Each structure stands twice: as structure tokens, then as C-alpha cells.
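# Survey of secondary and tertiary structure
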Amino acid sequence: MSYADQLTEKDLIQMYRWLVLIRAFEDRVCELWAKAGIMELPHGSQGQEAIAVGACYGLRREDQVLPSLRTRGAFFVKGIPTRVQMAGMFNKRTGAAEGRTSSHHMGDAGRGVLVGSGIIGASITVGVGAALAFRLQRKDHLVVNFFGDGAAQRGDFHEGLNFAGVFKLPVIFVLENNGFAEMTPVSKHFAGPDFACRAEGYGFPGIRLDGNDVLAVYDAVQTAAARARAGEGPTLLECVTYRQRGHCENNPIATCREMSEVEAWRARDPIARMRNDLLQRGIITGEHVATVDAEVGAEIEDAIAFAEESLPPAVDDLCKDVYAAESSELVVGRRS
Ligand SMILES: Cc1ncc(C[n+]2csc(CCOP(=O)(O)OP(=O)(O)O)c2C)c(N)n1
């Protein structure tokens, strides 16, 4: 029996709710940005939500994920509250990092989001380092590292995969292949057959799968997680998907894509797909769908009100948390 087959109806409904919440959050953030309601330029993941939900659902709290600049869903599923995320979009002190950074760099190691990065690919080796730390601490936790097809062309990708392969580290590389790096199609930055086959060169499995199928992603990640926790090493998962909006909100999709291509992918939308599947299997009803939509809408409006009422960061806190206090270990190790 597959891992996905072992999910209960309650699990499936929860996964569906995450998908709806992430989409609604990002759509609302785009609206707010267009009306100058928030400053941060949204880089939406609309169309890619099944990857984050499938990958993060079932992880332990201690497992660390490193989201790409587009893996919004990882923050939700790992438990960062909607209010905190929205306050971050408003750069308020109740938000992540107390409003002093963009959401690209949001992290909460206590909940298992080590750190995000707006520098594409840079977090790959950081995640591998975290996996090495788990190994040295003799803990069977793991790391999930998210990045795009463009980021996979950087040296960090090869360095990170090579190191993880040599030391059989507990890390799952989740490549979100949405067909584009900013406006550059994959065909213009990669001549290989697929990204998954690169893993073979580093001595571990690489699998290409449908990233719009939340249960396929869940199954692949759980399989890779069992391998990682057993000390058998990393896995590369190339999740094929499509970004339904432009690279960011000042880059409308109609200006950089064939709309026939966009429409074809919208017809394969991961949320509609799961909804139809659950309806057909009798796990949810039309009434249930409406209830989820209403609950999610209320949760987002509550988060917006919370963010609007919150204070901006204090000027005196500008340099807070930028520098670590000097530790005695560093002093002892320093050469004179
Ligand atoms: C090191 C670095 N180079 C360039 C950029 C500018 N940049 C931001 S996103 C992006 C494209 C990333 O493509 P991909 O990794 O495929 O992720 P996607 O945006 O498609 O999710 C680029 C080039 C950056 N943030 N960091």
C-alpha cells in the first residue's frame, strides 16, 4: 500500500484546506499590492501549491524545510500562523522577523522552517549543512530543500547534491520545475532530458513526477523520508508544475507567455483536481467546499485586520538580530 493510500479522510480534507488557504492568501496579497495596500512585491506560487502541501504534510515539527522564494505553502503547513504571515507582508512588528525583512527570508526554526532565501539556490548548501548537523547529533530528522529549475543551474546545486550524496545525508531535494526561470523557458537554459537524471551522477535516486498531484508528491516525499531516516541518503524529486502568474506582480503573465499555454495548465489546476477527486470519492460535498471557502476567507480577512492594526518596527530595533553576540568559543578560537 502506498503512503498516500494510508491517508485518512481527515488528512485529505486537511490537505485540501491547505491548498485553498494558500491560494486565497496569495490572491488576496496580489490584490492588496495592486491597491498599494502592501509594499512587498508578491512572487506568487499560484498553480504550484500541491508541491509544498504534498511535501510538508506528514513531516515532523523538527524536520527543517528551506523554502524557495516561491514556496509560500511550506510556511503554512509547517505551522506559521496566517496572521504572522500577513503581518509580514505589511512589514509590521507582529510579522515574521518583526517586520524587518521580506517574506522571502522568513524562517522559524522552532516550527521547522530553517530559513527562506531570495537568493536563488543559496539555501541548497545551507540545507545540506543542516542535514549534516542532524547526522552529527545522531537525530533521525531530515531536511527538505525547495528550489526552482533556474536555481538548479547554479553551482550550489551541484555542490550541495555532491556533498549530500557522498555523506548519505538525510535531505530531500524538491525541485519545483515550473518551466521558467523568471521569463526564460527551461528549453533556453537546459539541454538535458530532465533534471531528475542528474541525481544518478551523484549516486542517489532522482524521480520526475507530476507536481500538480498533491498525493503523488506526498507519496514520493514520504518514500524519500523513509530512506533518509534509515541513513540511506538523499533523493532528488523533480516536481513538474506551472506558475499561473508572472514571475512577480509587476510582470503580468499575459506579457510573457502564450495564453493558450496558460489556459491549458489552468485546466490542470492542482486545487480543482483535488476538489474533484474528493467530490467524486464522496469524501467532501459541495456544501463542504463552500464551508472551506468561507472559513478560509474569514481567516484571511482576520489576518489583514490584525496586520493593519499592528505597529511597524521600531526604529531603535533596526540592527536587532543582525549581529550575533560574540561567543566565548569564537574568542578562544581566534588567532592573535
Ligand atoms: C543568485 C540570484 N540570481 C538572480 C536572482 C534574480 N531572480 C529571482 S527569481 C529568479 C528566477 C528563478 O527561477 P527558478 O529558480 O526557476 O524559480 P521560479 O522563479 O521559477 O520559481 C531570478 C533569476 C536572484 N534572486 N538570485
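Residues numbered from 1 in each chain as written. Predicted model: local features only at pLDDT ≥ 70, side-chain atom pairs only at ≥ 80, totals over all residues.

### Things to note about the site of the ligand
Heads up, the rule is: In this analysis a residue is considered near a molecule or strand if the C-beta atom, reconstructed from its backbone, is found within 6 Å of that molecule or strand. In this description a helix means any DSSP run of H or I spanning at least four residues, a strand means any run of E spanning at least two, and both kinds are numbered starting from the N terminus. Under the convention adopted here, Pro, Cys and the residues Ala, Val, Leu, Ile, Met, Phe, Trp and Tyr are nonpolar, Asp, Glu, Lys and Arg are charged, and Gly plus all remaining residues are polar.
Close to the ligand lie 17 residues, the nearest being Arg70, Gly148, Gly150, Ala151 and Ala181. The set of elements that each furnish at least two residues to the shell around the ligand consists of β2 (143-148) and β4 (180-181). Of the residues in the shell around the ligand, the class split is seven nonpolar, six polar and four charged.

### Comments concerning the sheet that holds strand β1 (residues 64-66)
This is how it is decided: What makes two strands pair is DSSP finding at least two bridges between them. Angles here are taken between N-to-C directions and fall from 0 to 180 degrees, while the axes themselves are lines fitted to C-alpha atoms, restricted in helices to the stretch in contact.
Spatial strand order, β1-β2-β3-β7-β6: five strands in an open sheet with parallel pairing. Lying at the two open borders of the sheet, with one neighbouring strand each, are β1 and β6 (206-210). Pairs of neighbouring strands in the sheet enclose a mean axial angle of 20 degrees, with direction left out of account. Pairing geometry for β1 and β2, over three bridges, is parallel.

### Notes on the confidence of the model for the chain
As a reminder, the rule being used: What pLDDT conveys is the predictor's confidence in a given residue, as a value from 0 to 100. By the criterion used throughout, residues are in contact when their C-beta atoms, derived from the backbone, lie within 7 Å.
For the chain, the mean per-residue pLDDT works out to 94, and 97% of the residues sit at or above 70. Across residues 332-336, where pLDDT falls below 50, the model places zero contacts with residues more than four positions away in sequence or in other chains.

### Describing the packing of helix α1 (residues 9-34) against helix α10 (residues 286-309)
Where we set the bar: Each angle is binned into one of four classes, with values under 35 degrees roughly parallel, values over 145 roughly antiparallel, values of 65 to 115 roughly perpendicular, and all other values oblique. Here a crossing is called left-handed whenever its near helix is offset anticlockwise from the far helix by less than a right angle, and right-handed whenever the offset is clockwise.
Orientation of α1 relative to α10, taken along the N-to-C sense of each, is 45 degrees, at an axis distance of 10 Å. On the basis of the axis angle, α1 is oblique to α10. Like other packed secondary-structure pairs, α1 and α10 cross with a definite hand, here right-handed. Where α1 abuts α10, its residues Arg17, Val20, Leu21, Ala24, Phe25 and Arg28 lie against Val292, Asp293, Val296, Gly297, Glu299 and Ile300.

### Some details on the environment of Leu12
Within the secondary structure layout, Leu12 lies in helix α1. Not counting chain neighbours up to four residues away, the residues in contact with Leu12 comprise Leu7, Leu278 and Ile283.

### Here we look at the pairing of strand β7 (residues 235-240)
Operational definition: Each residue is classed by its C-beta neighbour count within 10 Å, where at least 20 other C-beta atoms makes it buried, 12 or fewer makes it exposed, and intermediate counts make it partly exposed; the C-beta atoms are placed from backbone geometry.
In terms of residue burial, β7 counts as a mostly covered element, since six of its six residues are buried. Residues Thr235, Leu237 and Cys239 point to one face of β7 and Leu236, Glu238 and Val240 to the other, with burial holding for every one of them. As defined by bridge partners, strand β3 (residues 171-177) adjoins β7 across six bridges and the pair is classed as parallel. Residue pairing for β7: Phe173 is matched across the bridge by Leu236. Pairing of β6 with β7 involves five bridges; the strand directions are parallel.

### Some remarks on the nonpolar core
Convention followed: Among buried residues, those of type Ala, Val, Leu, Ile, Met, Phe, Trp, Tyr and Cys that are joined through C-beta atoms within 7 Å form a set called a nonpolar core.
One finds Leu19, Val53, Val171, Ile172, Val174 and Leu237 to be the most contacted residues of the largest nonpolar core, which totals 79 residues. It is helix α7 (residues 214-229) that provides the largest number of residues to this core, a total of nine residues. Leaving out residues up to four positions away in the same chain, Leu237 has contacts with Ile172, Phe173, Val174, Leu175, Ile207, Leu209, Ala220, Val221 and Ala224.

### Considerations on the environment of Val221
Among the secondary structure elements, Val221 is positioned in helix α7. Among residues more than four places away in sequence, those in contact with Val221 are Gly54, Ala55, Ile172 and Leu237.

### Here we look at the environment of Thr241
By secondary structure assignment, the location of Thr241 is in the loop between β7 and α8 (259-266). Along the chain, Thr241 and Phe157 lie 84 residues apart, while their C-alpha atoms are 20 Å from each other. Not counting residues within four places of it along the chain, the set of residues in contact with Thr241 comprises Gly47, Gln48, Ile51, Glu176, Asn177, Asn178, Gly211 and Asn212.

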